[in-house]
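Examining the three-dimensional arrangement
One letter stands for each residue in the lines below.
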Amino acid sequence: MHDLARLTAIELLDLYKRRETTPSEAVRACLDGIDSKEGVVGAFLHIDAEGAMARALRLDGEGIDGRPLFGVPVAVKDNICTSTMPTTCASRILGSYQPPYDATVVRRLEDAGAVIIGKTNLDEFAMGSSTENSAFHTTRNPWDESRAPGGSSGGSAAAVAAGMVPIALGSDTGGSIRQPASFCGVTGMKGTYGRVSRYGLIAFASSLDQIGPIARDVDDCALLMRVLSGKDPLDSTSISGETESWTTGTAGNIEGLRVGVPLRSPEWEMDGAVRELFARSVSAVMESGCTTGSAELPGMDKSIACYYIIANAEASSNLARFDGVRYGMRSDAETLIRMYEETRGEGFGAEVKRRILLGTYVLSSGYYDRYYSRARRARAEIKDDFKKIFEEFDAIILPTTPEPAFELGERLADPVSMYLSDIFTTPASIAGLPAISVPVGVTGDGLPVGMQIIAGEGREDIVFRVARVLQGSFGFVERYYSRSGEREGDER
Amino acid sequence: MRDGKYEAVIGLEIHVQLLTATKLFCACPAEFGGEPNTRVCPVCLGLPGALPVVNREAVRMAVLLGTALGCDVRRRSVFARKNYFYPDCPRNYQISMFDKPLCENGVVELDTDDIHSRIRIERIHLEDDSGKLIHQRGGGSLVDFNRCGVPLAEIVTKPDLRTPAEARLLVKQLRQLVRYLGICDGNLEEGSMRCDVNVSLRKPGESELGTKTEIKNLNSFKAIELGLEAEIARQSAMLDAGKVIEQVTSLWDSQHRESVVMRSKEEAHDYRYFREPDLEDLVLDDELLENVRSLMPELPGERKKRFIDQYGLSDYETVVLTAEMELADFYEEVAGLTGDPKASSNWVMREVMGELNSTGRDLGNLGISPQGLAELINQIAAGRISGTAGKDVFGEMVRSGANPGDAIALLGLEQLSGDDEIADMVEKVLEASDGEVKRYREGEKKLFGYFVGQVMKMSGGRANPSKVNEILKKLLL
């Protein structure tokens, strides 16, 4: 018997088609997986066992149809609005807030037949790279409980890695899907900016935020991405476009593609195993018929600074609405101003406050030109540089992070070192480009390493094609998520 | 100032609530009123995760306004966030426009008997309205978000105004314009049009501007004038006393006729404007601009000029008749049907406007149509009733909604023009006035009027006066 909770969505759909199992059995397996692992991993903030089981039983009765995610259990990051479950952003300030509406992606999941199991942990308001900034609890990396799962979508990545759900939603602002996917040995991607509707995603930095899939392999990732993508009349920044090629056609063929390898990568500070897997990844794409060449990766020198100015500026405004007046937490006070101060003082965690302060500062009169304006100009330059790069290349390959998962607590006291773990992921965010992280191997300590593929605007198809080749060359998925049960990594 | 010691420099910011069916960024009804918090949704409540989508109708109306004011309309404008904390603003930022507003560089000509000025319009931008705070007696406040998200076009003038009277006239003209354009009902008291003023003083001939103060909440024409007068008097007294003017923002208290300081410069907001990342650039396509061109009505100034040329009306008449588009349309229809612009003007200005003023009704429900009034005027011209009787007929038409023919019949006011009938009455009058007839024939010719009066009295006012004259003269010979 398969451990249903360890199968991919596509494998599950296949079993449903062959009537070998049912959605309720799959949901039961996921809930069992959660029961046995959640105590240690702590991936979830809310689990809706009853609701998920009720929906699964309904789907059992309806029988499989053309819905792309029929009966597939899915976890949703807790900064995405759900009308049947609380949505907290892992912040005290939202408390047990339950939105009166569903995010567009939640509707799309439900229309696609998926079963939402629960809401996953994150860094408060998606601000962080370790999920340690959650106001509620720590999420542990299923590969090594002493290590961080990455962040901010650490709960979603850990849940998929630990065999709790086959697929999950994360959100990526500067790497918040790709970095935890890399740390947890799963596949995660963000699309071109606007590809997935942000309606119902509680904003951190509106011009950067993108919801995206986290899965155990590239095909699941592409399948979920297709369900999520499309123009949404409720999000003016969303875009339309063809998605069929993501899951069909030239899936495994990358012959003739031109892949850029960042020119100065030898100088970068990188973990040895990461460096080695990077080199092997470049060889792998070459062996598959790609031509490779050195590319100056745009924005490596300025994207972190640019990112933290723009993201925090937008965040300082986006988070202004949490004031105790209408919903969430309210601290009692004598005057309106005191009420604002007390509520926000008690409701927000340290990192969120730090970013609101930074963001407020860079937008203030007298500093605006020096920081925000310059960051916007830098952003435009980075975009232009990428455009030029993608005239010469179809994709760029580089590690998702310089190092594998770090120890819990290790970087909490040093925000800048935490920020620097985003160095390889922020350029694609700044430029609004599609990028994926695919696990390619493990370090000597047995920690997974993810490789990142970035393509030009609207070219998710290329991202998926190259990612499939990498996945096939390294056999990571077969080795660690075998269909028959335990992941090898657990045995060590 | 009147004494010439100081010159006032005044600029206005006028918020115009646009008459769209739905709010600026969501599909909630934009209509005034409703039970508190019933016309709201996640978007206008600024709930976490909700996103704005621009209402193209509001854009069209603002472009119409900008075009009518001769502005340059930007093909690509940018929404920006204006950040400030206040409980009536649910996102704690307003979505407005900053460095790339929808319209710029317009102009308004003020041209009356005593005022001839050219006021430049700096900009017009779109933004969303806030909710309303309801302060509870005994402490605590409630917020009604029904108004929150209603589209506003903010008109900002250059500091080109010099007197409170000019400011008042400008607002009056803008009110007339937005009503002509059908984009706002222009109700200052209800706040569908709101005016903030900025004023500073300087010595005549100086080009540098003094420190300005802002007054908000001027919600009537009178308040605009009084508020400015009071502020100018306050500032000039300060300057006379050698004091320095502080940059403050005040609220006008109509009841006590004074402004109350709301915040000083130290407390002034740093709004931290930046482009609204939830919205794309606002791009105007040819279709929208074409639509605006085709919907542009004849504007008040042009219409006034045409009324003088086409109908030969006086300046005063045209001012009155073009004040409201509905009235001007009404007049033109009457004038067209009667072919008598002057009589039509008299009737519209005296009877119709008198009735509007005394009943407080508007043209739509006055109960009299341009066709009805035209028919009445034509009946008088044809001699079927007298002008005096016409007023009674008009009254009856307003009262019962009857057409002129029925009203005349109902009141029995049809003029008597038959020779025999009138001769009969004249004879009776002369028989009963032996003495007067004798005196008349002896040369007291002014008694003629007396006989006319008697005949008219006997006919109940219905006798055709010229016929009466004619027959009297014959019979008195």
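Residues numbered from 1 in each chain as written. Chains lettered and ligands numbered in written order. Predicted model: local features only at pLDDT ≥ 70, side-chain atom pairs only at ≥ 80, totals over all residues. Heavy atoms only, no water.

Looking only at helices and strands, chain A has 17 helices and eleven strands in total. Relative to the 2.2 N^0.38 estimate, which gives 23 Å for 492 residues, the radius of gyration of chain A is 21 Å and therefore close to what a compact globule would have. Taking the principal axes of the C-alpha coordinates as reference, chain A spans close to 65 × 55 × 45 Å. In chain A, the share of contacts with a sequence separation of at least 24, taken over all contacts with a separation of at least 6, comes to 75%. Of the roughly 16600 Å² of accessible surface on chain A, a fraction of 49% belongs to carbon and sulfur atoms. Each charge sign in chain A was given a centre, from 52 positive and 68 negative side chains, and these centres are 4 Å apart. (Helix = DSSP H or I, 4+ residues; strand = E, 2+ residues; numbered from the N terminus. Rg over C-alpha atoms; globule rule 2.2 N^0.38 Å. Contact = heavy atoms within 4.5 Å. Areas by Shrake-Rupley, 256 points an atom, 1.4 Å probe, with all protein chains shown as cover. Lys, Arg positive; Asp, Glu negative; His and termini not counted. Charge placed at Lys NZ, Arg CZ, Asp CG, Glu CD.)

Take the pattern of salt bridges next. All names here are of chain A. Inspection of the entire model under this criterion finds 59 salt bridges over all chains. Arg6 is paired through a salt bridge with Asp3; the nearest N and O atoms lie 3.8 Å apart. Its relative accessible area of 4% is what places Arg6 among the buried residues. A relative accessible area of 28% means that Asp3 is categorised as partly exposed. (Salt bridge = Lys/Arg side-chain N within 4 Å of Asp/Glu carboxyl O. Buried < 20%, exposed > 50% of the residue type's maximum accessible area, 1.4 Å probe, protein only.)

Moving on, we get to the interface of chain A and chain B. Each partner contributes to the interface: chain A provides 40 residues, whereas chain B provides 31 residues. With both chains or domains summed, chain A and chain B bury close to 2700 Å², and 58% of this area falls on carbon and sulfur atoms. The three residues of chain A that bury the most area against chain B are A:Ser236, A:Arg321 and A:Arg326, which together make up 21% of that side's buried surface. Taken together, chain A and chain B are joined by one salt bridge. Its salt-bridge partner being A:Arg198, residue B:Asp278 comes within 3.0 Å of it at the nearest N-O pair. (Buried area = accessible area lost by both parts, 1.4 Å probe.)

Right, let's get into the domain arrangement of chain B. Residue and element names in this part refer to chain B. Once the domains are mapped, chain B shows domain 1 (2-291), domain 2 (298-411) and domain 3 (419-475). Listed per partner, the contact involves nine residues of domain 1 and eleven residues of domain 2. Each partner contributes to the roughly 730 Å² buried at the junction of domain 1 and domain 2, and carbon and sulfur atoms together form 51% of this total. Contact with domain 2 buries surface across domain 1, with Gln176, Arg179 and Tyr180 losing the most and accounting together for 74% of the total. The interface formed by domain 1 and domain 2 contains two salt bridges. In this structure, Glu324 and Arg179 form a salt bridge, with 2.8 Å as the shortest nitrogen-oxygen distance. Where domain 1 touches domain 2, the interface holds four residue pairs in polar contact (both at pLDDT 80 or more). (Domains from an automatic or database assignment. Polar contact = N/O pair within 3.5 Å; in protein donor to acceptor, adjacent residues only side chain to side chain.)

Right, let's get into the sheet that holds strand S15 (residues 274-275) of chain B. Spatially, the three strands line up as an open sheet ordered S5-S4-S15 (chain B), and their pairing is antiparallel. On the outer flanks of this sheet lie strand S5 (93-97) and S15 of chain B, each paired with one strand and no other. Looking at chain direction, strand S4 (residues 79-83) of chain B and S15(B) are connected through two bridges and run antiparallel. Looking at the pairing, B:Arg81 lines up with B:Phe274 of S15(B). Helix H9 (residues 303-318) of chain A contacts S4, S5 and S15 of chain B of the sheet and is inclined by roughly 65 degrees relative to S4(B). (Pairing = 2+ DSSP bridges. Axes fitted to C-alpha atoms, helices over the stretch in contact; angles between N-to-C directions.)

We now examine the environment of A:Arg28. All names here are of chain A. Summarising the element assignment, Arg28 is placed in helix H2 (residues 23-41). The exposure class of Arg28 is partly exposed, given its relative accessible area of 39%. Taking the C-alpha atoms as reference points, Arg28 and Ala5, 23 residues apart in sequence, are found 8.5 Å from one another.

This paragraph deals with helix H3 (residues 221-240) of chain B. Residue and element names in this part refer to chain B. Under the 1.5 Å per step criterion, the end-to-end length of H3 is 29 Å for 20 residues, consistent within 8% with the ideal 28 Å. Those residues of H3 hidden inside the fold are in contact with strand S1 (7-17), helix H2 (164-181), strand S11 (193-202), strand S12 (213-218), strand S13 (248-253) and strand S14 (258-264). Gly242 lies just past H3 and shows a positive phi near 75 degrees. (Expected span 1.5 Å × (residues − 1).)

Moving on, we come to the sheet that holds strand S7 (residues 116-128) of chain B. Residues and elements named next belong to chain B. Here nine strands make up an open sheet; going across it, the order is S2-S6-S7-S10-S1-S11-S12-S13-S14 and the pairing mixed. The open sheet has two edge strands, strand S2 (72-73) and S14, and neither has a second partner. Against the sheet, helix H1 (residues 56-68) contacts S2, strand S6 (103-111), S7 and strand S10 (151-157), and its axis sits at roughly 170 degrees relative to S7. Where H2 meets the sheet, it contacts S1, S6, S7, S10 and S11, and its direction lies at approximately 110 degrees from that of S6.

A word on the packing of aromatic side chains. On inspection of all chains with the given rule, the structure shows 32 aromatic pairs over all chains. When the ring of B:Tyr311 is compared with that of B:Tyr331, the centres are 5.4 Å apart and the planes differ by 90 degrees; the resulting orientation is edge-to-face. Pair noted here: B:Tyr311 is in helix H5 (residues 300-311) and B:Tyr331 is in helix H7 (residues 325-338), with a separation of 20 residues, a long-range link. Across this residue pair, the class does not change: B:Tyr311 and B:Tyr331 are buried. Note on B:Tyr440 and B:Phe448: the rings are 6.4 Å apart at their centroids and 40 degrees apart in plane angle, and the pair reads as tilted. The class for B:Phe448 is buried, based on a relative accessible area of 14%. An aromatic cluster of three or more residues is present, and its members are A:Tyr97, A:Phe125, A:Phe322, A:Tyr327 and A:Phe348. The ring of B:Phe221 is capped by B:Lys172, whose NZ or CZ atom sits 5.4 Å from the centre of that ring. Above the face of the B:Tyr440 ring, B:Lys445 is positioned so that its terminal group lies 4.5 Å from the ring centre. (Phe/Tyr/Trp six-rings, centres within 6.5 Å; stacked < 30°, edge-to-face > 60°. Lys NZ or Arg CZ within 6 Å of the ring centre and 35° of its normal.)

By secondary structure assignment, the location of B:Arg202 is in strand S11. What B:Arg202 contacts, discounting residues up to four positions off in sequence, is B:Tyr6, B:Glu7, B:Val9, B:Arg162, B:Ser207, B:Glu208 and B:Leu209.

Residue and element names in this part refer to chain B. Their axes nearest at 9 Å, the elements helix H12 (residues 419-432) and helix H14 (residues 448-458) cross at an angle of 120 degrees. It follows that H12 is oblique to H14 by the angle criterion. Between H12 and H14 the crossing geometry is right-handed. Packed against H12, whose contacting residues are Met425, Val426, Lys428, Val429 and Leu430, the element H14 presents Phe451, Gln454, Val455 and Met458 at the interface. Its residues placed into classes, the contact of H12 with H14 shows seven nonpolar, one polar and one charged. (Parallel < 35°, antiparallel > 145°, perpendicular 65-115°, else oblique. Left-handed = near helix turned anticlockwise from the far one by under 90°. Nonpolar A, V, L, I, M, F, W, Y, C, P; charged D, E, K, R; others polar.)

A separate point is the side chain of B:Asp128. Considering the arrangement of structural elements, one finds B:Asp128 in strand S7. A distance of 2.5 Å separates the side chain of B:Asp128 from the side chain of B:Arg91, its partner in a polar contact.

Further remarks concern unusual backbone geometry. All names here are of chain A. Ser152 follows Gly151 through a cis peptide bond whose omega is 10 degrees. With respect to the helices and strands, Ser152 occurs in the loop between strand S3 (115-120) and helix H5 (154-161). Unlike most non-glycine residues, Ala90 shows phi in positive territory, near 55 degrees. Here Ala90 shows up in the loop between strand S2 (73-77) and helix H4 (104-111). Among the residues examined, Ala90 registers a relative accessible area of 0% and is labelled buried.

A few words now on the packing of helix H9 (residues 370-381) of chain B against helix H10 (residues 387-400) of chain B. Residues and elements named next belong to chain B. The contact between H9 and H10 brings their axes to 10 Å, and the two run at 160 degrees. Between H9 and H10, the angle is such that the two are roughly antiparallel. Our pair here, H9 against H10, has a crossing hand that is right-handed. Each of Gly372, Leu373, Leu376 and Ile380 in H9 lies in contact with H10, whose residues at this interface are Gly387, Gly390, Val393, Phe394 and Met397.

This brings us to the pairing of S7(B). Residues and elements named next belong to chain B. In terms of strand pairing, S6 meets S7 through eight bridges, oriented antiparallel. Looking at S7, one finds that Leu110 is bridged to Ser117. Between the end of S6 and the start of S7, which pair antiparallel, lie four residues. Sheet topology places S7 next to S10; seven bridges connect them, and they run antiparallel. Bridging from a neighbouring strand, Ile121 pairs with Thr157 of S10.

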